[in-house]
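Read off the chains here:
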Amino acid sequence: MGMIKVVGLVLHPRRDCGSAIDAIVAWANRREVTVLGLHDEINRIDCEAVAVSTEEMVERASMLVSLGGDGTMLRTMRLVEGRKTPVLGVNVGRLGFLAEVDLPDLPAALSAIDEHRFTVESRTAVRTVLPDGKEVSAFNDIALVRVPGDGLAAVGIAVEGQNFVNYAADAVIVSTPTGSTAYSFSAGGPIVSPNVEGLIVSASAAHSSFNRSLMLALSERLELDVLPTSGRLAVEVDGIIEGYVGGDEKLEIEPVPAAAQVVRLGNSSFYERARRKLRVEGSAQVGVRDPADSAVVVDAFERQRYEILLGGEVAGVLHYRRHGDKVELQHTEIEQSFSGQGLASRLAAAALDDARARATPVIVTCPFVTGYLERHPEYSDLLSDGV
């Protein structure tokens, strides 16, 4: 990559990117670099970037800079899909995975790019054609997701033309290594280095006896077969619903190697970000465990819920929200197949014991927990007077 003469900016739709834009424009002025922005994004702010159409930006820019979070980075990668134009991701606001630098490090990053102290890594995408003929591609994942009110996702995974496994689940997710820390991770999939070439297939909340993820080579042909027993499924492409599939429809999933190029500066590693973002230490066990009893309650704090696990499977949840120093217990749900075993009471007791251990006042909006408190007045001192 020779001297950079034209840089294109892609902005988060709501976050304030002003200071980042100022830093880039100042750098560009010193280097006689032209800065382009998209009409509808640049017109919101007062800056010296030249407003152009998407087509013109993609045609002219020798580097794109994404200012925002992961969503902005995905959109930027999609703009230059299939081209050699590298993308520099800058985190503005919340910590993301895909961006390479956080806002304070931007000036140093621009100097490094000037001095050619950076590398460019390619990223795989996944592509499919929906039943209506629309072609879609994703840099994180393509997921078949159950529609509320419809049945489970019943999906056969065929590799090289042979059925390997049928999943019955809330969703079936095909993820790139880049996307391994997104939807796939929350469904229980592995964290995969972005330098691995392959695709990960995972099931979210699998009801089938087989619930493990599958890792495929890019050369292996993957097909998702929606089974006749399946409900209607939404096709989510990087988290955006692009269409629907129903029983007996098939999706061929095709990897697109080197679909985008990202700038790596080699200071903050993927693993550091994964530790910070996913809180790799995980959830905390709550309450005392009786060895004769296989039920365990954990605080799944990233999902803001207590989960009761039987043999490692989530049998029920109690959703909560933290408001300052208080906790609101909102809603208790037990999976039908586990009802009648007193698990809801176990969840309520564990949540209340946890609040006591943390000296946290409790607000109760969950009808089940309200009833539990009436039967167990020994917890009533925990109640707060409202939000």
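It should be emphasised that the depicted structure is a prediction, and the values quoted were computed from it without experimental measurement.

Draft legend 1. Fine view of the pairing of strand 2 (residues 34–38). Extensive coverage of strand 2 is indicated by the burial of 4 of its 5 residues. Relative to strand 2, strand 1 (residues 6–11) runs parallel, the two sharing 4 bridges. Bridge assignment links Gly8 to a residue of strand 2, and that residue is Leu36. What joins strand 1 to strand 2 is helix 1 (residues 18–31), and the crossover it makes is right-handed. Note: strand 2 against strand 3 (residues 50–52), 3 bridges, orientation parallel. The partner of Leu36 across the bridge, within strand 3, is Val50.

Draft legend 2. Seen up close, helix 8 (residues 343–357). Over its 15 residues, helix 8 extends 21 Å from the first C-alpha to the last, a length consistent with the 21 Å expected when each residue adds 1.5 Å. Among the residues trailing helix 8, Ala359 stands out with phi positive, at a value near 55°.

Draft legend 3. Inspection of the packing of helix 8 against helix 9 (residues 367–375) at higher detail. The geometry of helix 8 relative to helix 9 is characterised by a closest axis approach of 10 Å and an angle of 80° between their N-to-C directions. Viewed along their axes, helix 8 and helix 9 adopt a mutual orientation that is roughly perpendicular. Contact residues: Ala344, Ser345, Ala348, Ala349 and Leu352 in helix 8; Phe368, Val369, Tyr372, Leu373 and Arg375 in helix 9. The residue makeup of the contact of helix 8 with helix 9, split by class, is 8 nonpolar, 1 polar and 1 charged.

Draft legend 4. Spatial organisation of the environment of Arg276. For Arg276, the location among the structural elements is in helix 7 (residues 270–278). Residue class for Arg276 comes out partly exposed when judged on its relative accessible area of 45%. Each C-alpha atom of the pair Arg276 and Gly96 lies 9.9 Å from the other, and the pair is 180 residues apart in sequence.

About the criteria used
Residues numbered from 1 in each chain as written. Predicted model: local features only at pLDDT ≥ 70, side-chain atom pairs only at ≥ 80, totals over all residues. Heavy atoms only, no water. Buried < 20%, exposed > 50% of the residue type's maximum accessible area, 1.4 Å probe, protein only. Helix = DSSP H or I, 4+ residues; strand = E, 2+ residues; numbered from the N terminus. Pairing = 2+ DSSP bridges. Right-handed = clockwise from strand over helix to strand, strands pointing away. Expected span 1.5 Å × (residues − 1). Axes fitted to C-alpha atoms, helices over the stretch in contact; angles between N-to-C directions. Parallel < 35°, antiparallel > 145°, perpendicular 65-115°, else oblique. Contact = heavy atoms within 4.5 Å. Nonpolar A, V, L, I, M, F, W, Y, C, P; charged D, E, K, R; others polar.

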